[in-house]
Structure formats: structure tokens, C-alpha cells
Amino acid sequence: MSVSYSSFSAPFSESSVRKPFPACPNSRTLSVPSAAISRFQVARNNFPAVADGRLVLHGSAGNFCRRICGLKLCILESLNLRHQNGRCRRASEFNSFKNQHKDQSADHFGTNSSNEGQVSGGTSAINLSNDSIDETTRTTSPPGQSSLPNLHPDVSTEVGTSMESPSSLLQTHSSKFSVQSDGAPSLCIAVIGATGELARKKIFPALFALYYSGFLPENVGIFGYSRKDLTDEGLRSIIAATLTCRVDHESNCGDKMHAFLNRTYYLNGGYDNKVGMAKLNAWMEMIEGESAANRIFYLSVPQEALLDVASSLADHAQTRKGWNRIIIEKPFGFDALSSHQLTRSLLSKFEEKQIYRIDHLLGRNIIENLTVLRFSNLVFEPLWSRKYIRNVQVILSEDLGMQIGRYFDGYGIIRDIVHSHILQTIALLAMEPPISLDGEDIRNEKVKVLRSIRKLELSNVILGQFKASSEDHVDIYLNNLTPTFFAAALYIDNARWDGVPFLIKAGMGLIQHRVEIRIQFHNVPGNVYRERIGHNIDLATNELILRDVPDEAILVKVNNKIPGLGLQLDASELNLLYKDKYNVEVPDSYEHLLLDVIDGDNHLFMRSDELAAAWNILTPILHEMDKNNIAPELYELGGRGPVGAFYLWAKHRVRWADD
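Remember, predicted model here, so these are calculated numbers, not experimental data.

Draft legend 1. Local environment of the environment of leucine 546. When you line up the elements, leucine 546 lands in strand E20 (residues 543-549). Taking the C-alpha atoms as reference points, leucine 546 and isoleucine 366, 180 residues apart in sequence, are found 6.6 Å from one another. Leave out the neighbours within four places in its chain, and leucine 546 touches Ile366, Asn369, Leu370, Leu373, Val515, Glu516, Ile517 and Ala553.

Written out as C-alpha cells, the structure is:
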């Protein structure tokens, strides 16, 4: 039996009905108004009306029952199909497009695979299978978009549509495409450079953590895009090896992971990004259907490929049914000129509000605590100025466990860490109170700080490079001038911070891994306990310490009396250790920043004017390096850094934090 109408064919065989319809007890005649039937093309074709304007159905019990149930199917289907036929057709086109793309981008022989999709709720379970055919490819509608209603809870039906593919297709690869029962995805996220180390180890795990926690829609679409010849299952197996559930995410971890992987797809973009992005756009449109949907594009690509990828994406892959946002990885140029050219090119294709320049170090909890501690605690804000603060130290040191790959060579620590993370930290710490927590209001205040930083003098800068031998077993690819250590004294020329040195220390291959901000206050004027403190009054300096590594903590250093009959003072730390106070696993910084992109919160992402202001601070030093007017000082791998940094601290009357 075959039920047909103008635009759909659903072949039924006796064997495909796993549980037969209940047999009617005897032969019956059913009369219905012909006007009601005439509205359905399938009814007019299969059930002609009699002369008196009534429609008569007759036949044996089994035949009669099958025909009336078929009529019911067609009536319900025709009503439902007016809304869903377009989506069903797009789903069929999606499978055909995906199969054609895979066949054209791969040169291996065809393989067959099959998948089963299940639809919850009131829709029928549909078996999906793809067979290898020379010139004709059988494709099926995605399970979640099938418009066939379930006439009986125990009925399973095989449904297929025939579509003729180009003769160049030699094989068909099956694709599992599961759409949740709540419809097409409202958000699609594409990771460009999906097979790279950053995507595998950081981006996809962060997306899964957000998906598990409910911060991503259940029907989100995740797309991997690169030049490697992979299938959906190939990418999923790569991703699955890096996915883990946090301690507080143990329940249903396997089910969530399976659901996330089933919503992850792969596209080989080839070597022509314009063609590749057009394919990605077509793919997304087929999945999104007619629904409004937003898109995020994470550009995890080398700097030299960024512009071509971004331009092709802007021209061929942006949606018109929602917002588009792109995430760009550091470094954001090599100097002021190259950064300006990059920014100008990006702004010719995108609006400023679409661009998110990401630095994962800014997603750490310590960065958010900077503004929370200052603006939500009365005890700190009145002290936040030159009147009470003596100096500020921003320290980021990496130990031997941090490997330096080929990416670092040619960029160095200035472009990689100082330009973004260090200067953004200083801007957040030193900015004036914003009028609100809106991202643009915060960025307005940050850029004021960056523009107020005094031009760096060579005498206030120390560069270093660790020396390593083959016995050290360190993965390094450094030329003669690539710095792995940077120390400097910055001054902010405004009323709040005039004369306060901001000391930076950022280095690789040092004795310990340490990330912290130290705010040292002035000594108490006319301190009556001076003689009780000891020979070094600096040891009694009050400090506020925000530590991220080794253990996240907020420390306040105060002076107190030592218990006993005498009167001697000691410097102690009031310690808020996060692991003792909060029994939770801290999310990775990529989770934090990706969620900010989804929410449209851009306060931790550099705006174009911030970017330019930061390069204006550092570009003169980079040019002096190019002229060989300043060269890195060698230091021992696993040591404390260049000796010159100790003299720089002493010059500005600051004691090293780790002394």
C-alpha cells in the first residue's frame, strides 16, 4: 500500500508494520461529507465520492480497517505538513548536501553505516539507514523533524524519500542528525580549527561543561571546521577523549556526554575558505530551519590565517535570523601598526560589538574579584589611591611544567602575556568606578587607564630568556631575541595614581608557578610601635594579596601582638583560602569566557581602542628590540629570573614579594 499526495511519498509494506492495526469485527460502510474529504488531495485520488454527495468506503474487514486508518493518517498528516513540510524537505536536503560534501572532499572508498534515531513524545520511532548506491542516494528525514504522527504507540514505520544525487557521488556516509523534540537549535557554535590542540583540550571541554550545567540550549548545534579529512564520528571520538565531568557533575554524566556528542558535527572546509564557509552556512541553515537562531564562531586559527578566515566567514557564513559573534585568540597583531591593520580589516566586515578578543587568563576568578572586592567593600574603596597605596605588583610566573611550543617563538612573552593579560589586569585594578556593570561602561573606564600610562623608558624594562640545554628536556623553539621574561615599572599619570609604581613580572621557566596581585600600603605615619616592629620597618607593611596560583586565596597582611608578657609585634596574614571556604570545583576560565560571549557580556574582552592603547605602551620597546638596543638577559631554567629585575625593584624602593 502506498499513501501519496502532491509532495510526499511514504511507501508502506505489510512487513514494515510491526504490530498490525486491530481487525474490524465485520465489514462496514462509513459515510462522511465529500466536501470535507475534497480538501485533501490524497482523499480525492483514492476515495471518489458517490452521486449523492456522500463518500462510501467498503470492503473486507482487514482491507477496510487499513484504508480508514490510512485516511486518518493522511488527514492528520496534511494538516500537520502545512507547517512542517518545509522543515522536512530541508532536512532531506541537509543529508544529501552532507553526503555530497563528504564524497567530494574524501578520496577513500565508500563505507556503509547505519544509525537509529528515536523521537520522544507523540512521534513514531524511525529507523534510519543509508545504503551505498552508484548514482542514486537514499536519504531520510531527521528523526526530530519527521511529520508522521503516531497512530498507535506500538507501530514502527520505515519512511524514506528518494533523491537523485550527482553522478560524481561514489558513496554515501551516514550521518546521525538528532533534533530535540523542542525544535530547531536556537544557537549554533562553530569552532574553526576544530582539530587543533586548543580546540581539543580547552574549547570543546568548556562547551561540554556549559552544556552539562544547562548554560547551553539542549538543542544547540556544535560544528567543527578544519581541513582534515574526518567524519562526524571521527571528530566525536577525538573530542570524547578530552571530555570529563567535574565532581559536582557526576550524575548522568554519560548520558549528557552522549547527547553533547550527538549534537556535534564536522565539516572539512578544504583550502578555499570562501567555499568552505558557504558550505558551513548551508549546513547551519538546514539544521536551523526557519527558526530564529544565533551563531558564534570561535576562530582558533594561526595569526597568518585569521584575516582570510574572518573575511570569508563574514561574507558567506553569517546568519540573518539572529546575532553573529566571533571569538579571536591572541596575539592580536605583532605591534601597533599590524594590530591597526588587523582591526581595520575586521571592522570592515564586522561591527565592534560582534568581536570578542579572548584571553583565557582574564577568565580566572582573581580577575573578577578585583572589582568585586573594591566596589562592594567600603573598607577598600576609600584606600584605593596614591594616598594610601605605596605600590602594586602584578606577578605571573610559570615553572618548568609549562611547555613552550612553536607558537611562542616569534611572539615572545610581551605579545603573548603582557599586552593582554597584564595590562588588562592593571586597567581593571586602577580604573575609576564605572557608572554600571555594563560591558561598555567598564571598557570605557579601562581604556582611560591604558591611555594614561606613561611611556616606558628602557631603564625601567628588563628582558630575559632562559637558557636550556638538551638535558633539560624542555620543548622550546626560541630564536636569539625571543624574551621569556619581562619586568617593568609602569606609572599612571592621573590624579588617583600619580607616583605609584605598578611593577610587572611575567616569566617562563621560573622556580615556581605563581599568579598573584600584591597591593602594598604606605607605612603608618609616626608609628608609635616602630621600635617594637624590628629593624626592618618594611616587613610590617600592610598588604592586600589576591592569589590565583598555587592556591586561590585573598590575604590581608596585618600587624598583631605576639602572645606573652612582652610587647612584640608580628606580621600575620588573614587568610581566605577558597578551597577551605567553598567546597566546589572552580570552572575553567574558558567556560567563564564562553558563557560571557553567549550572554553578550564583553567587559573581559579587549575593545579596539583598548587594543590600540595597549600597543602604544609596548610598541616602542618592541622597536628597540628590533634595533638591538635592548637584549634579553639570560637566566637559569628553573631559577628566579634575571638579576636585573632585582635591581629594578630596588630602584623603585620595592621589596621583592618572594624575598
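Additional details are given in the paragraphs that follow.
Draft legend 2. Local environment of the layout of surface pockets. The calculated volume of the second largest pocket comes to roughly 540 Å³. Lining the second largest pocket are 23 residues; nearest its centre among them are Asn365, Glu552, Val584, Val586 and Pro587. Mapped onto the lining of the second largest pocket, the elements with two or more residues apiece are helix H4 (197-213), helix H14 (578-581) and helix H15 (589-599). In terms of residue count, the dominant contributor to the lining of the second largest pocket is H15 (four residues). Grouping the constituent residues of the lining of the second largest pocket by class yields 10 nonpolar, five polar and eight charged.

Draft legend 3. Structural detail: the packing of aromatic side chains. What the rule picks out here adds up to 11 aromatic pairs. Taken together, a centroid distance of 5.7 Å and an interplanar angle of 55° make the contact between tyrosine 211 and phenylalanine 260 tilted. Of this pair, tyrosine 211 sits in helix H4 while phenylalanine 260 sits in helix H6 (residues 253-262); the two residues are 49 residues apart in sequence, bridging distant segments of the chain. Assigned by exposure class, tyrosine 211 and phenylalanine 260 land together as buried. Between phenylalanine 223 and tryptophan 283, the aromatic rings sit 5.3 Å apart at their centres with planes inclined by 85°, giving edge-to-face as the arrangement.

Draft legend 4. A look at helix H12 (residues 439-452). Taking 1.5 Å of rise per residue, the 14 residues of H12 would be expected to cover 20 Å, and the 20 Å separating its terminal C-alpha atoms lies within 8% of that figure. Judged by how many residues are buried, H12 sits mostly within the fold: 10 of 14 residues are covered. Those residues of H12 lying buried are Gly439, Asp441, Ile442, Arg443, Glu445, Lys446, Val447, Val449, Leu450 and Ser452. On its buried face, H12 is in contact with helix H11 (412-430), strand E17 (485-491) and helix H16 (608-626). Residue aspartate 438 occupies the N-cap position of H12, its side-chain oxygen lying 3.0 Å from the main-chain nitrogen of glutamate 440.

Draft legend 5. Up close: the nonpolar core. Counting 140 residues, the largest nonpolar core has Leu207, Leu280, Phe486 and Phe502 as its most contacted members. Take this core: its biggest share by element is 11 residues, from H11. Residue contacts for phenylalanine 502: discarding those within four places in its chain leaves Val392, Ile426, Leu429, Ala430, Ala488, Ala489, Leu490, Ile492 and Trp497.

Draft legend 6. Quick look at the side chain of arginine 443. When you line up the elements, arginine 443 lands in helix H12. If sequence neighbours within four positions are ignored, arginine 443 has contacts with Asn602, His603, Phe605, Met606, Arg607 and Glu610.

Draft legend 7. Seen up close, a nonpolar patch on the surface. Residues Val528, Tyr529 and Leu567 make up a contiguous nonpolar surface patch of about 300 Å² in total accessible area. For leucine 567, the position within the fold is in the loop between strand E21 (553-561) and strand E22 (569-577).

Draft legend 8. Structural detail: the environment of aspartate 570. One can find aspartate 570 in strand E22. A residue is classified by how much of its surface remains accessible, and aspartate 570, at 37% relative accessible area, is partly exposed. For aspartate 570 and alanine 540, which are 30 residues apart along the polypeptide, the C-alpha to C-alpha distance reads 7.7 Å.

Draft legend 9. Expanded view of unusual backbone geometry. Between lysine 330 and proline 331 the backbone carries a cis peptide bond, its omega angle lying at 0°. Within the secondary structure layout, proline 331 lies in the loop between strand E13 (324-329) and helix H9 (336-347). Backbone torsion omega between valine 549 and proline 550 reads 15°, so that peptide bond is classified as cis. Within the secondary structure, proline 550 sits in the loop between E20 and E21. At asparagine 628, a residue that is not glycine, the phi angle is positive and equals roughly 65°. Position of asparagine 628 relative to the elements: it lies in the loop between H16 and strand E23 (633-636). The exposed category is assigned to asparagine 628, whose relative accessible area is 56%.

Draft legend 10. Spatial organisation of the sheet that holds strand E11 (residues 264-268). The parallel open sheet is built from six strands, whose spatial order is E11-E10-E9-E12-E13-E14. Looking at which strands have only one partner, the edges of the open sheet turn out to be E11 and strand E14 (355-358). Looking at each pair of strands side by side, their axes are set apart by 20° on average, direction ignored. Pairing geometry for strand E10 (residues 221-226) and E11, over five bridges, is parallel. Bridge pairing links phenylalanine 223 to tyrosine 265 in E11.

Draft legend 11. A look at the pattern of salt bridges. Under the definition given, this model contains 28 salt bridges. Residues arginine 518 and glutamate 543 are paired through a salt bridge, measuring 3.2 Å at the closest nitrogen-oxygen approach. Here arginine 518, found in strand E19 (residues 514-521), pairs with glutamate 543, found in strand E20; they are 25 residues apart in sequence, far enough to count as distant. Of the two residues, arginine 518 and glutamate 543, both sit in the buried class. Across the salt bridge formed by arginine 607 and aspartate 609, the nearest N and O atoms sit 2.9 Å from each other. The buried category is assigned to arginine 607, whose relative accessible area is 10%. For aspartate 609, a relative accessible area of 23% puts it in the partly exposed group. Within this structure, Arg514, Glu516, Arg518, Glu543, Arg547 and Lys557 form a network of salt bridges that share partners.

Draft legend 12. Expanded view of H9. A rise of 1.5 Å per residue sets the reference length of H9, with its 12 residues, at 16 Å; its end C-alpha atoms lie 16 Å apart and thus fit the reference within 8%. Listing the buried residues of H9 in full gives Ser339, Leu342, Thr343 and Leu346. Down the axis of H9, the buried side of the element spans an arc of 100°, and every buried residue falls inside it. Facing away from the buried side of H9 by over 90 degrees, the exposed positions are Leu337 and Arg344. Of the surrounding secondary structure, the elements contacted by the buried residues of H9 are helix H8 (303-316), E13, E14 and H16.

Draft legend 13. Broad picture of the sheet that holds E17. The strand order E22-E21-E20-E19-E15-E18-E17-E16-E23 describes an open sheet built from nine strands, whose pairing is mixed. The sheet is open, and its two edges are formed by E22 and E23, each paired on a single side. Each strand axis lies, on average, 20° off the axis of its neighbour in the sheet, ignoring direction. Here E20 runs beside E21; their pairing, made up of five bridges, is antiparallel. Bridging across to E21, glutamate 543 finds its partner in lysine 557. Lying on the sheet, H11 is in contact with strand E15 (389-397), strand E16 (461-467), E17, strand E18 (501-507) and E19; it crosses E18 at an angle near 145°.

Definitions and cut-offs
- Residues numbered from 1 in each chain as written.
- Predicted model: local features only at pLDDT ≥ 70, side-chain atom pairs only at ≥ 80, totals over all residues.
- Heavy atoms only, no water.
- Helix = DSSP H or I, 4+ residues; strand = E, 2+ residues; numbered from the N terminus.
- Contact = heavy atoms within 4.5 Å.
- 1 Å grid on protein atoms, 1.4 Å probe; cavity = no way out; pocket = protein on both sides within 12 Å on 5 of 7 lines; lining within 4 Å.
- Points joined across faces, edges and corners; volume = space filled by probe spheres on them.
- Nonpolar A, V, L, I, M, F, W, Y, C, P; charged D, E, K, R; others polar.
- Phe/Tyr/Trp six-rings, centres within 6.5 Å; stacked < 30°, edge-to-face > 60°.
- Buried < 20%, exposed > 50% of the residue type's maximum accessible area, 1.4 Å probe, protein only.
- Expected span 1.5 Å × (residues − 1).
- Polar contact = N/O pair within 3.5 Å; in protein donor to acceptor, adjacent residues only side chain to side chain.
- Core = buried A, V, L, I, M, F, W, Y, C linked by side-chain atoms within 4.5 Å.
- Patch = residues over 30% accessible without salt bridge, like charges linked within 9 Å, V, L, I, M, F, W, Y side chains within 5 Å.
- Areas by Shrake-Rupley, 256 points an atom, 1.4 Å probe, with all protein chains shown as cover.
- Salt bridge = Lys/Arg side-chain N within 4 Å of Asp/Glu carboxyl O.
- Pairing = 2+ DSSP bridges.
- Axes fitted to C-alpha atoms, helices over the stretch in contact; angles between N-to-C directions.
- Arc of directions from axis to C-beta.

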